[in-house]
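Summary of structural features
In case you want the letters, here they are:
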Amino acid sequence: MNDHITVGVDGSPESRAAARWAAQEAVLRQVPLRLVHAVDWPLDPVLPGVGRQDMDRWADQALTDATRVLHRRHPQLEITTRCLAARPAAALAAEASDAALLILGSRGLGGLIGFIVGSVAMSTLVATDTPVVLVRVADDPDGLGAGTGSEVIVGVDIHSSCDRVLTFAFEEAARRHCALRAVHGWKMPPAYAYVPFFDPDNERDVDRSVTHMLEDMLLPWRHKFPDVNVSHSVFMGSAGDHLVRASQGAELVVVGRHLSRSPLGAHLGPVTHAVLHHAAAPVAVVAHE
C-alpha cells in the first residue's frame, strides 16, 4: 500500500542514525514506521558459544531498544518491528516492496575518503524500485545526519525521463518547507578536444541551451509545487563533484538510477556512485526509466 516507511536496524550506530532519520520522515509524512532486522542464520560467522537462540535474542533486543528510543522522541508515531531469517539485502528489498521509502545506514570514514556503502546497502539499492535513503552518523550529539540544512539538492539528467526523481525531490522540499536546487553538469563533445582554435562562444551557447532545457524540464513541477522556492545550477564539468560540493549543509541530496533490464543486472551510474560515497548529507536514490 506504500503507506509506511521501512528502516533496516542491526544495533550499529549507523542503523540507529538511520532509524532516527526514518522516524522524523515518518512523522513528516504522517505514516507508520517499520523496523526490520534480518538474521542471516546459519550464514553469519558462527562465534564460539553463540547459538541460534542467542542471535535471535540479540536481534529482538536491537529492535526493542530502537523502538523504545524512537517512542521517547515521537510518542505518537506508530512503530512495528519484523525480525526475518534471510540474507539482509534480500530481506530489506522484499520489505521495501510495499513501503513508500527504505532507509539504510552507512559508515563514514571522514575527510576526503568519504563513506563506506556496504555490500548489503549496495545490493539492496539495486534490488528494489522503492526510493532508498542512505543516512550517515554525523558528529553532533544526536548522531543525526539529517534535518539541519536549508535546501534539498537534486541531480537532473536533462536527457532522460526524471519524473520520479523530480517528484520525490519536490515533495521532500515541500514537506520540509525548504528550498530546492536542481543541478545539472554537461560536457562538450570529445571531438572538441581536437579543435585547434576553440571558440568560447560555443561553450556559452551550449550553456544557454542546456539551461533552457533544464528550465523547461522543471516548469511542470514549479506549477505543481508553487510554494517551493526553486533554483537551478548548470555548469560544465562533473555532475558528481558539483553535487558533492552542494551537499554541504543540505537537508537531502536526491539522485536517480536507471532501471536496468540488462541480464548482467542493475548498476549505479558514476554520478550516483560518487554522491553515495562522498556527499555530506543523506542521499536518496530514486529508480527511474
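For the structure, check the block above.
Below or above, wherever it landed, is the structure these notes cover. (Residues numbered from 1 in each chain as written. Predicted model: local features only at pLDDT ≥ 70, side-chain atom pairs only at ≥ 80, totals over all residues. Heavy atoms only, no water.)

So, the packing of helix H3 (residues 88–96) against helix H4 (residues 119–127)
The geometry of H3 relative to H4 is characterised by a closest axis approach of 8 Å and an angle of 40° between their N-to-C directions. You can see that H3 and H4 cross each other, and the crossing is right-handed. Each of Pro88, Ala89, Leu92 and Ala93 in H3 lies in contact with H4, whose residues at this interface are Val120, Ser123, Thr124 and Ala127. Partitioned by chemical class, the residues of the contact of H3 with H4 number six nonpolar, two polar and no charged. (Axes fitted to C-alpha atoms, helices over the stretch in contact; angles between N-to-C directions. Helix = DSSP H or I, 4+ residues; strand = E, 2+ residues; numbered from the N terminus. Left-handed = near helix turned anticlockwise from the far one by under 90°. Contact = heavy atoms within 4.5 Å. Nonpolar A, V, L, I, M, F, W, Y, C, P; charged D, E, K, R; others polar.)

Brief notes about the pattern of salt bridges
Inspection of every chain in the model, using the stated rule, returns 13 salt bridges. In this structure, Glu172 engages Arg29 in a salt bridge whose closest nitrogen and oxygen atoms are separated by 2.8 Å. One end of the pair, Glu172, is in helix H5 (residues 163–176); the other, Arg29, is in helix H1 (residues 13–29), with 143 residues separating them in the sequence. In terms of burial, Glu172 and Arg29 fall into one category: buried. Its salt-bridge partner being Asp205, residue Arg208 comes within 2.4 Å of it at the nearest N-O pair. With Arg208 and Asp205 both in helix H6 (residues 200–224) and three residues apart, the pair spans about one turn of that helix. A relative accessible area of 45% places Arg208 in the partly exposed class. Of the residues examined, Asp205 reaches a relative accessible area of 38% and is grouped as partly exposed. It is possible to trace a salt-bridge network through shared partners that takes in Glu25, Arg29, Glu171, Glu172, Arg175, Arg176 and Glu251. (Salt bridge = Lys/Arg side-chain N within 4 Å of Asp/Glu carboxyl O. Buried < 20%, exposed > 50% of the residue type's maximum accessible area, 1.4 Å probe, protein only.)

Notes on the environment of Arg164
Within the secondary structure, Arg164 sits in helix H5. Between the C-alpha atom of Arg164 and that of Val286, which follows or precedes it by 122 residues, the distance is 7.0 Å. Residues in contact with Arg164, not counting those within four places in the same chain, are Asp129, Pro131, Val286, Ala287 and His288. There is a polar contact of 3.1 Å between the side chain of Arg164 and the backbone oxygen of Asp129. Within polar-contact distance, the side chain of Arg164 engages the backbone oxygen of Ala287 at 2.9 Å. (Polar contact = N/O pair within 3.5 Å; in protein donor to acceptor, adjacent residues only side chain to side chain.)

That's the geometry; what it means functionally is another story.
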